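Fold and contact review
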Amino acid sequence: MTNPAFSNNPAFSNRGANVAAVAAQNYTAEQLQQMYDRPTTLPDSEVMTVENTLHKTALSFGVLALGAIAGWMIAGTMPAILIGAALIGMVLGLVNSFKREPSPALILSYAAVEGIFVGGISSFFESVWPGVVSQAVIATLCVVGVTLALFASGKIRASARATKIFLVAMIGYAVFSLVNFGLQAFGVVQSPFGLRDTLIFGIPLGVILGVLVVLMAAYSLVLDFDFIQQGARNRIPAKYGWTGAFGILMTVVWLYLEVLRLVAMLRGND
């Protein structure tokens, strides 16, 4: 089943949809045959494939890693830069998400800026909970690996119903995160994780939310993989490989940050 995300993509124009309009014009039989003999897709070198999307994804993660190294090094001396990186990363993330045509420069800029923020926040968590970064990295890789394996084997697939539930859950979680941030920023809540430290049957709310959000991030990866698979199958232009790379990059960063916080909460004050 074709992904609904492609419905507004000009790359998926269907020549068959124009048959009635063509037939209404005074073309000869020979001219019509020539039109139908034309290639229906782009040349192989100009279409999106899983391979060229993986190359773009690897490059994006390479830039993210370099940014993370820089963020880790400056975390203790220039914390203001990390705040700026978080804000700029959010803006670039929104711009890239709503941009119809992918921009490699903007996507790589997002990777660099987000890397600085990820490196800086990781350094802070590591100073409070030694070893938490390696634990979060391993857990994140496990989630990505298992999700990819299940998707490749056909065990899990994106569906319209699941995607609707996912979007509703995302909106709800975004509202909760904004409210929690506001309460912490204005000093209404003093605990390190804000409302996430609220106990429900003896379990911190943040732990319950963390597990649910990890599942949401895993489904987001399924959507990313599905986009790449459908894009390669429908032979859309190669530039949309950057869209796939950005989707995976953004999802993995989100997943890592959520796992980092979840592991820290589980470790408590040790």
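Keep in mind that this is a model prediction, so the values were computed, not measured.

What counts as what
Residues numbered from 1 in each chain as written. Predicted model: local features only at pLDDT ≥ 70, side-chain atom pairs only at ≥ 80, totals over all residues. Heavy atoms only, no water. Helix = DSSP H or I, 4+ residues; strand = E, 2+ residues; numbered from the N terminus. Buried < 20%, exposed > 50% of the residue type's maximum accessible area, 1.4 Å probe, protein only. Contact = heavy atoms within 4.5 Å. Areas by Shrake-Rupley, 256 points an atom, 1.4 Å probe, with all protein chains shown as cover. Expected span 1.5 Å × (residues − 1). Arc of directions from axis to C-beta. Core = buried A, V, L, I, M, F, W, Y, C linked by side-chain atoms within 4.5 Å. Phe/Tyr/Trp six-rings, centres within 6.5 Å; stacked < 30°, edge-to-face > 60°. Polar contact = N/O pair within 3.5 Å; in protein donor to acceptor, adjacent residues only side chain to side chain.

Some details on the overall build of the chain
On a plain count of helices and strands, the chain comes out with nine helices and two strands. From first element to last, N terminus to C terminus, the chain shows the α and β order α-α-α-α-α-α-α-β-β-α-α. The burial tally for the chain puts 37% of its 270 residues in the buried class. Across the chain, every contact between residues at least 6 apart in sequence was considered, and the portion connecting residues at least 24 apart equals 79%. Surface exposure of the chain reaches about 15,300 Å², of which carbon and sulfur atoms provide 70%.

Description of helix α4 (residues 79-98)
Taking 1.5 Å of rise per residue, the 20 residues of α4 would be expected to cover 28 Å, and the 29 Å separating its terminal C-alpha atoms lies within 8% of that figure. Those residues of α4 that fall on the buried side of the exposure criterion are Leu 82, Ala 85, Gly 89, Leu 92, Gly 93 and Asn 96. In an axial view of α4, the angular spread of the buried residues amounts to 110°, which keeps them on one side of the axis. Exposed residues on α4 whose side chains face more than 90 degrees from its buried face are Ala 80, Ile 83, Leu 87, Met 90 and Phe 98. In this structure, the buried side of α4 is in contact with α3 (50-74), α5 (104-128) and α9 (241-267).

Some points on the environment of Asn 96
Counting through the fold element by element, Asn 96 comes out in helix α4. Separated by 14 residues in the primary sequence, Asn 96 and Tyr 110 place their C-alpha atoms 8.5 Å from one another. For Asn 96, the contacting residues outside a window of four places in its chain are Ser 103, Leu 106, Ile 107, Tyr 110 and Phe 246.

Things to note about the nonpolar core
One finds Phe 125, Val 132, Leu 255 and Leu 260 to be the most contacted residues of the largest nonpolar core, which totals 51 residues. Of all the elements in the fold, those that place two or more residues in this core are α4, α5, α6 (132-152), α7 (160-185), α8 (205-233) and α9. For this core, the element with the most residues is α9, which contributes 15 residues. Excluding its chain neighbours within four sequence positions, the residues that come into contact with Phe 125 are Val 132, Phe 193, Leu 260, Arg 261 and Ala 264.

Brief notes about the packing of aromatic side chains
Scanning the model with the defined rule gives seven aromatic pairs in all. Between the aromatic rings of Phe 124 and Phe 125, the centroid separation amounts to 5.8 Å while the plane-to-plane angle is 85°, which identifies the pairing as edge-to-face. The exposure class of Phe 124 is partly exposed, given its relative accessible area of 48%. Take Phe 125: its relative accessible area is 10%, and that puts it in the buried class. Every member of this aromatic cluster is reached through a ring pair, and the members are Phe 124, Phe 125, Trp 129 and Phe 193.

Quick word on the environment of Arg 261
Counting through the fold element by element, Arg 261 comes out in helix α9. Relative accessible area serves as the criterion here: at 23%, Arg 261 is assigned to the partly exposed category. Along the backbone, Arg 261 and Phe 193 are 68 residues apart, and their C-alpha atoms lie at a distance of 8.7 Å. Setting aside residues no more than four positions away along its own chain, Arg 261 makes contact with Phe 125, Tyr 173, Phe 193 and Arg 196. In this structure the side chain of Arg 261 is engaged in a polar contact, spanning 3.2 Å, whose partner is the side chain of Tyr 173.

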